[in-house]
Protein chains: 2
Amino acid sequence: MNINGKTIFFDTPPVITGSAGVVGKKEGEGPLAQDFDAIFEDTTMGQQSFELAESAMLHDAIIRALTNAQESPANVNFILSGDLLDQCMGSAFAIKDLEIPSIGLFGACSTMALSLSVGAMLIDGGADCVVAGTSSHFCSSERQFRFPLEYGGQRPPSAQWTVTGAGSAVLKKEGEGVKISAISIGTICDLGITDANNMGAAMAPAAEKTIYEFLRDSGSKPEDYDLILTGDLGYTGSQLLYELMENEHGIDLRSVHNDCGLMIFNLKEQDVNSGGSGCGCSGSVLCSHILKRMKKGELKKVLFVATGALLSPTSNKQGNPIPSIAHAVLLEA
Amino acid sequence: MNINGKTIFFDTPPVITGSAGVVGKKEGEGPLAQDFDAIFEDTTMGQQSFELAESAMLHDAIIRALTNAQESPANVNFILSGDLLDQCMGSAFAIKDLEIPSIGLFGACSTMALSLSVGAMLIDGGADCVVAGTSSHFCSSERQFRFPLEYGGQRPPSAQWTVTGAGSAVLKKEGEGVKISAISIGTICDLGITDANNMGAAMAPAAEKTIYEFLRDSGSKPEDYDLILTGDLGYTGSQLLYELMENEHGIDLRSVHNDCGLMIFNLKEQDVNSGGSGCGCSGSVLCSHILKRMKKGELKKVLFVATGALLSPTSNKQGNPIPSIAHAVLLEA
């Protein structure tokens, strides 16, 4: 790896040789339906709890990604995954029977970018094959972070809808597929946001910081990319990101930016307020829709910046702010 | 890195150039008191919650480790840390003002070995300087995983006492200090243990698996090490580990094995039942006592195997078993 500032460049970019994004029923009714590798009408996945349903979905995404990459679990050096649930329960139960050495990560909704970033560095350092993955489930998240589902609490306009879904990608040193040519691990930002129903506002400063530093370290401009893709700022957070980039750095992102939380749902028709969120949002959108478009040549250079609100219900109830982080992955077809 | 089986060997072993282990009052009354870098009589650390007290302790350990390594936070490429609290709150609040790119990890009580392992691979891959760290706090853990402190529940003989403490280590490519010559990332084990008061039994099979695979991959025997150090199986888990190693592989570990959970407290006098546990147990014992003994030449070759029970209170209340994992780090003076 070559380090410039906070960005890591790879001489021999690791390759995503296979990937899969799977989602639940509601996500399957959104604009990206045709690109998902599976849409589960029954979001309980036949499990006894929503938490185990989330694990089953991640397990499914991992197996599909390995299948797409024509790779056996026995050839995988490390699996890197994490999720939003307390003690990353989603990942533990998803991977416990795979017999793959497991590096547990915690990056909240930034996990897809974090797992790809660390995975790419391990491949660059000599590993043969690495799997990255993450998941979220509306029903397991809502009751953990906000209210019991049965309570039917009202959701403010800034609230986002946790995606039921999972994404996974297989990384190798060589092969056919989209390349990871650079990554940037973010630093934690805290601008004092305490509202668990306004994650976009908590995460926008982290996205601004990581995007700005990546552009600076790589000497590039927004126009150099086909897409700068955040996940998951939603509508509120995306607007704040535009303001921050313009006011702090004089950079206009509008023409080249999109957000996984805005893409996965039809905001007006699907009643999701500010858009999608959750590890599974950027995970499923990247690992299906985006990587498929890149393979077709519709997108050539994508800067994927997944954002995570490091929200702990304990900390939040104690009145503490929500620290946030964003990690960047430069994808090239 | 050179990979043999599940073990990674380093041609140029990364070096621990500085480290620190800090603990609370009770740990400071135990047998290792003189080796800790700090003992905090007031385990609230002047904070408003036990969770923030844990963060303050980890922050302290990180700053002490950097000071011992004579390293500025500005020179650190990545900080790798995690803890037992929901959404790794301990780490998020400990490092949020350090401005260091942050890789959040989740490995429960295996986090010290996980952070050293991933850190060593990143150094081997080209990073200049990495900080690893972890923490736990009796008061934040008990109320999250078991009962409110005020309840004063009885503790069965197999229960362990969560250590109030933190450990941190600075890794570099070159320099003076203990070397990490190999690591092994564990796979998740699940033998169906569901008792949150018997973590030793849940973790012993993971320790057995990782130790056996490390010995196999490195072609070594227990006698080749000055110490095989698990953390934190406690008394119950250590006895089970001996049985498993003997019955499954015909290997007797007794003469060369010790456990951080058995070392940090005087089990009989300090009323801790089966011994210490928590990320901060192996973190503080390794980063102070063990590394100091290695520097003095009292120990030359130590296989550090931190074990983690991936216990989620949600999952546990739903009746699910406790998946466990163990990661190994070969330390050489």
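Check the entry above for the structure.
Residues numbered from 1 in each chain as written. Chains lettered and ligands numbered in written order. Predicted model: local features only at pLDDT ≥ 70, side-chain atom pairs only at ≥ 80, totals over all residues. Heavy atoms only, no water.

Time to look at the overall build of chain A. Within chain A, the regular secondary structure consists of 9 helices and 15 strands. Taking 20 Å as the expected radius of gyration for a compact globule of 333 residues, we find that chain A reaches 18 Å, a close match to that expectation. Principal-axis analysis of the C-alpha atoms gives chain A an extent of 50 × 50 × 35 Å. Contacts in chain A between residues far apart in sequence, at least 24 positions, make up 78% of those at least 6 positions apart. Carbon and sulfur atoms make up 45% of the accessible area of chain A, which amounts to about 10800 Å² in all. Taken as two groups, the 23 positive and 39 negative side-chain charges of chain A have centres that lie 2 Å from each other. (Helix = DSSP H or I, 4+ residues; strand = E, 2+ residues; numbered from the N terminus. Rg over C-alpha atoms; globule rule 2.2 N^0.38 Å. Contact = heavy atoms within 4.5 Å. Areas by Shrake-Rupley, 256 points an atom, 1.4 Å probe, with all protein chains shown as cover. Lys, Arg positive; Asp, Glu negative; His and termini not counted. Charge placed at Lys NZ, Arg CZ, Asp CG, Glu CD.)

This paragraph deals with the relation of the copies chain B and chain A. Superposing chain B onto chain A requires a rotation of 180° together with a translation of 0.0 Å along the rotation axis, leaving an RMSD of 0.0 Å. Such a combination of rotation and displacement between the chain copies is what one expects of a two-fold axis. Take the interface residues of chain B: 100% of them recur as interface residues in chain A, which is what a same-surface contact looks like. (Least-squares fit on C-alpha atoms with pLDDT ≥ 70 in both.)

This brings us to the interface of chain B and chain A. At the interface, 57 residues of chain B touch 57 residues of chain A. Roughly 4300 Å² of surface becomes buried between chain B and chain A when both sides are summed, with 64% attributable to carbon and sulfur atoms. When the buried surface of chain B facing chain A is broken down by residue, Q87, F106 and I188 of chain B rank first, second and third, together holding 16% of it. Across the salt bridge formed by K96 of chain A and D190 of chain B, the nearest N and O atoms sit 2.6 Å from each other. Inspection of the chain B/chain A interface yields 18 residue pairs in polar contact (both at pLDDT 80 or more). Elements represented by at least two residues in the side of chain B that touches chain A include exactly α2 (50–68), α3 (89–95), β6 (102–104), α4 (111–124), α5 (138–145), α10 (313–317) and β15 (324–332) of chain B. Considering every element that reaches the side of chain B that touches chain A, the biggest residue donor is α4 of chain B, with 5 residues. The residue makeup of the side of chain B that touches chain A, split by class, is 31 nonpolar, 16 polar and 10 charged. (Buried area = accessible area lost by both parts, 1.4 Å probe. Salt bridge = Lys/Arg side-chain N within 4 Å of Asp/Glu carboxyl O. Polar contact = N/O pair within 3.5 Å; in protein donor to acceptor, adjacent residues only side chain to side chain. Nonpolar A, V, L, I, M, F, W, Y, C, P; charged D, E, K, R; others polar.)

A separate point is the packing of aromatic side chains. Applying the stated rule across the entire model yields 4 aromatic pairs over all chains. Ring centres of F138 of chain A and W161 of chain A lie 4.0 Å apart, and the angle between their planes is 5°; this geometry places the pair in the stacked category. With a gap of 23 residues between them, F138 of chain A in helix α4 (residues 138–145) and W161 of chain A in strand β8 (residues 161–162) connect regions that are remote in the sequence. Under the relative-accessibility criterion, F138 of chain A is labelled buried at 13%. W161 of chain A gets classed as buried once you look at its relative accessible area, which sits at 16%. Above the face of the Y225 of chain A ring, K301 of chain A is positioned so that its terminal group lies 5.2 Å from the ring centre. In this arrangement the basic side chain of K26 of chain B is found over the ring face of W161 of chain B, its NZ or CZ atom lying 4.3 Å from the centre. (Phe/Tyr/Trp six-rings, centres within 6.5 Å; stacked < 30°, edge-to-face > 60°. Buried < 20%, exposed > 50% of the residue type's maximum accessible area, 1.4 Å probe, protein only. Lys NZ or Arg CZ within 6 Å of the ring centre and 35° of its normal.)

Moving on, we come to the side chain of S81 of chain A. Residues and elements named next belong to chain A. Take S81: it is sitting in strand β5 (residues 78–83). Judged by its relative accessible area of 2%, S81 falls in the buried class. Side-chain polar atoms of S81 contact the side chain of S91, separated by 3.1 Å. Contacts of S81, omitting those with residues within four sequence positions, involve S91, I95, I103, G104, L105 and G133.

With that settled, consider unusual backbone geometry. Residues and elements named next belong to chain A. Omega for the peptide link from G231 to D232 comes to 10°, which places this bond in the cis form. As for its placement among the helices and strands, D232 is situated in the loop between β11 (227–231) and α6 (234–249). Backbone geometry places Q70, a non-glycine residue, at a positive phi of 50°. With respect to the helices and strands, Q70 occurs in the loop between α1 (50–68) and β5. Overall, the relative accessible area of 74% leaves Q70 in the exposed class. Positive phi values are uncommon outside glycine, yet N273 reaches one of about 55°. Under the relative-accessibility criterion, N273 is labelled partly exposed at 25%.

Before going further, it helps to examine the pairing of strand β3 (residues 15–24) of chain B. Residue and element names in this part refer to chain B. Most of β3 is tucked away, with 10 of its 10 residues classed as buried. Across 8 bridges, the pairing between β3 and strand β9 (residues 165–172) is antiparallel. Within the sheet, the bridge partner assigned to A20 lies in β9 and is S168. Across 2 bridges, the pairing between β3 and strand β10 (residues 178–184) is antiparallel. (Pairing = 2+ DSSP bridges.)

So, on to the pairing of β9 of chain B. Residue and element names in this part refer to chain B. The element β9 is extensively covered by neighbouring structure, given that 7 of its 8 residues are classed as buried. In terms of strand pairing, strand β7 (residues 129–136) meets β9 through 8 bridges, oriented antiparallel. Paired with C129 across the bridge in β9 is K172.

Enumeration according to the criterion identifies 30 salt bridges over all chains in this entry. Between E51 of chain A and R143 of chain A there is a salt bridge; the shortest N-O distance is 2.6 Å. Taken together, the positions of E51 of chain A in helix α1 and R143 of chain A in helix α4 put the pair 92 residues apart, joining distant regions of the chain. Here E71 of chain A ties to K172 of chain A by a salt bridge, and the two come within 3.3 Å at their closest N and O atoms. With E71 of chain A in the loop between α1 and β5 and K172 of chain A in strand β9 (residues 165–172), this pair connects stretches of sequence that are 101 residues apart. Overall, K172 of chain A belongs to the partly exposed group, its relative accessible area being 23%. Linked by salt bridges that have partners in common, K96 and D97 of chain A together with D190 of chain B make up one network.

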